[in-house]
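Here is what each chain is made of, one letter per residue.
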Amino acid sequence: MGGKEGCVMCLRCLMVFFNTLLWLAGVAMLGFGLWLRYGQQFFPNLSPSGDEDAVSAVSAYNIGTYALMAAGAVIMAIGILGCCGAVKESFCLLGLYFVILFLLFGLEVGASAWIYINRAELGNKVGNYFEWLVTEKYDEDKATQVAVDYTQSSLECCGANGHQDWLESGQTIPVSCGVVNCTSDCPEDETLFDEGCKAKVSSIIQGNIFTLVGVCISVAVAQILVMILAVCLCRAIRQADLEYDKCGTV
């Protein structure tokens, strides 16, 4: 009797511990999604408008960040549900916890695989979108100017493929490229950023995707562990109840 109770208590403690970690992982995913969406490292204050590639790039990026935030919030709620089920020793809560966690696990595996497979395409689309902003949109839209200038100054790059993009499109090279505005025969300046932003933006997007996939895999492993613990806890609780019923009928 005491051994069964000790086993249940041990499993309860493990469930609370791992679900606390799961809740923290959810907080991390939610925070990472918020940073990607609102951290203003890429294209602040922009909406998906323009040609088809521009709409596709921004929409995919925004949808991805919203999905990440939603997944983080759901994982946080599941962590709380698991803790409550373990503390109350509730079959109903633990069963609901297992089913939701199993469905979420399947979704995470599918989403992670899709993101990994399409990482290059997504990065290239965002890079192409930046090129369109520089050559077509910058001159006529204030929000685009803020976004492009912020990206150029923070990443120390100029234009999509280099500062010549500005000259070839008939525009002045902005101050965010590291020089005073000029239209042609720009003076030599050590602070001029010669490297284009397209490659930098694309590589950073792809790098963040690897981080995202890594976080999803870590969360999935934690989910497998807590699902196993939930099953073991349910069995231990049932065994303890059966032992208690036998003692009560004696």
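Rules behind the numbers
Residues numbered from 1 in each chain as written. Predicted model: local features only at pLDDT ≥ 70, side-chain atom pairs only at ≥ 80, totals over all residues. Heavy atoms only, no water. UniProt positions renumbered as here; feature names shortened; annotations may be inferred. Helix = DSSP H or I, 4+ residues; strand = E, 2+ residues; numbered from the N terminus. Buried < 20%, exposed > 50% of the residue type's maximum accessible area, 1.4 Å probe, protein only. Contact = heavy atoms within 4.5 Å. Areas by Shrake-Rupley, 256 points an atom, 1.4 Å probe, with all protein chains shown as cover. Phe/Tyr/Trp six-rings, centres within 6.5 Å; stacked < 30°, edge-to-face > 60°. Core = buried A, V, L, I, M, F, W, Y, C linked by side-chain atoms within 4.5 Å. Salt bridge = Lys/Arg side-chain N within 4 Å of Asp/Glu carboxyl O. Expected span 1.5 Å × (residues − 1). Axes fitted to C-alpha atoms, helices over the stretch in contact; angles between N-to-C directions. Parallel < 35°, antiparallel > 145°, perpendicular 65-115°, else oblique. Left-handed = near helix turned anticlockwise from the far one by under 90°. Disulfide = S-S within 2.5 Å.

In the nomenclature of an unreviewed UniProt entry, the chain corresponds to Tetraspanin from the organism Acanthaster planci. According to its UniProt record, the chain has this under Subcellular location (unreviewed entry): "Membrane". Word for word, the UniProt comment on the chain under Sequence similarities (unreviewed entry) is "Belongs to the tetraspanin (TM4SF) family."

## Describing the overall build of the chain
The helix and strand inventory of the chain stands at 7 helices and 0 strands. Mapped in sequence order, the helices and strands of the chain form the string α-α-α-α-α-α-α. Split into buried and exposed, the 250 residues of the chain put 40% on the buried side. Considering only intrachain contacts with a sequence separation of at least 6, the fraction spanning at least 24 residues in the chain is 75%. Here the chain displays about 13,100 Å² of accessible surface, and carbon together with sulfur accounts for 64% of that area.

## Quick word on the packing of aromatic side chains
Scanning the entire structure with this criterion turns up 4 aromatic pairs. On the basis of an interplanar angle of 75° and a centroid distance of 5.3 Å, the ring pair of phenylalanine 17 and phenylalanine 18 is categorised as edge-to-face. With relative accessibility at 23%, the residue phenylalanine 18 sits in the partly exposed group.

## Section: the UniProt feature "transmembrane region" (unreviewed entry) in the chain
Following the UniProt record, the feature "transmembrane region" (unreviewed entry) maps to residues 12-36, 66-87, 94-117 and 209-234 here. Between the C-alpha atoms that bound residues 94-117 the distance is 34 Å, and the span itself is 100% helix and 0% strand. Across residues 209-234 one finds 100% helix and 0% strand; the C-alpha atoms that close the span lie 37 Å apart.

## Regarding the nonpolar core
If you look at the biggest cluster of nonpolar residues, it comprises 52 residues, and the most contacted ones within it are Met15, Leu22, Tyr97, Trp166 and Leu233. Mapped onto this core, the elements with two or more residues apiece are helix 1 (2-38), helix 2 (52-88), helix 3 (91-117), helix 4 (119-137), helix 5 (142-155) and helix 7 (197-249). Among the elements that take part in this core, helix 7 stands out by supplying 16 residues, more than any other. If we skip the residues at most four places from it in the chain, leucine 233 touches Val8, Leu11, Arg12, Met15, Ala86 and Leu94.

## A closer look at the pattern of salt bridges
Going through the model one piece at a time under the given rule, you end up with 2 salt bridges. Its salt-bridge partner being glutamate 195, residue lysine 200 comes within 3.9 Å of it at the nearest N-O pair.

## Overview of the side chain of aspartate 165
In this fold, aspartate 165 is placed in helix 6 (residues 164-168). Apart from the residues within four sequence positions on either side, aspartate 165 is in contact with Val134, Gly159 and Ala160.

## With respect to the environment of phenylalanine 193
Mapped onto the elements, phenylalanine 193 comes out in the loop between helix 6 and helix 7. By relative accessible area, which is 19% here, phenylalanine 193 ends up buried. Placed 30 residues apart in sequence, phenylalanine 193 and histidine 163 show a C-alpha to C-alpha distance of 7.4 Å. Leave out the neighbours within four places in its chain, and phenylalanine 193 touches Gln152, Glu156, Cys157, Cys158, Ser176, Cys177 and Gly178.

## Some thoughts on helix 3
A rise of 1.5 Å per residue sets the reference length of helix 3, with its 27 residues, at 39 Å; its end C-alpha atoms lie 39 Å apart and thus fit the reference within 8%. Here helix 3 has its buried residues at Leu94, Tyr97, Leu101, Leu104, Glu108, Ser112 and Ile115.

## What about the packing of helix 4 against helix 5?
Relative to each other, helix 4 and helix 5 sit at 125°, their axes nearing to 11 Å. If you check the angle between helix 4 and helix 5, you find them oblique. Helix-helix and strand crossings are classified by hand; for helix 4 and helix 5 the assignment is left-handed. Taking contact as the criterion, the partners of Phe130, Leu133, Val134 and Lys137 in helix 4 are, on helix 5, Thr144, Val148, Thr151 and Gln152.

## Some remarks on the state of the cysteines
Disulfides are covalent bonds that connect the sulfur atoms of two cysteines. Applying the stated rule across the entire model yields 2 disulfides. Across the disulfide, cysteine 157 is cross-linked to cysteine 197 (sulfur-sulfur distance 1.9 Å). Around the S-S axis, the bridge from cysteine 157 to cysteine 197 shows a dihedral of about 100° and counts as right-handed. In this pair, cysteine 157 is assigned in the loop between helix 5 and helix 6 and cysteine 197 in helix 7, connecting sequence segments 40 residues apart. Exposure remark for cysteine 197: the relative accessible area of 0% places this residue in the buried category. In this model, cysteine 158 is linked to cysteine 177 through a disulfide, with the two sulfur atoms separated by 2.0 Å. Between cysteine 158 and cysteine 177, the S-S torsion sits near 90°, and that sign places the bridge as right-handed. With a gap of 19 residues between them, cysteine 158 in the loop between helix 5 and helix 6 and cysteine 177 in the loop between helix 6 and helix 7 connect regions that are remote in the sequence. Taken individually, cysteine 158 and cysteine 177 each receive the classification buried, so the pair is uniform in this respect. In this structure cysteine 13 is not part of a disulfide, and its nearest cysteine sulfur, from cysteine 10, lies 6.8 Å away. Residue cysteine 13 is classed as partly exposed on the basis of its relative accessible area, which comes to 47%.

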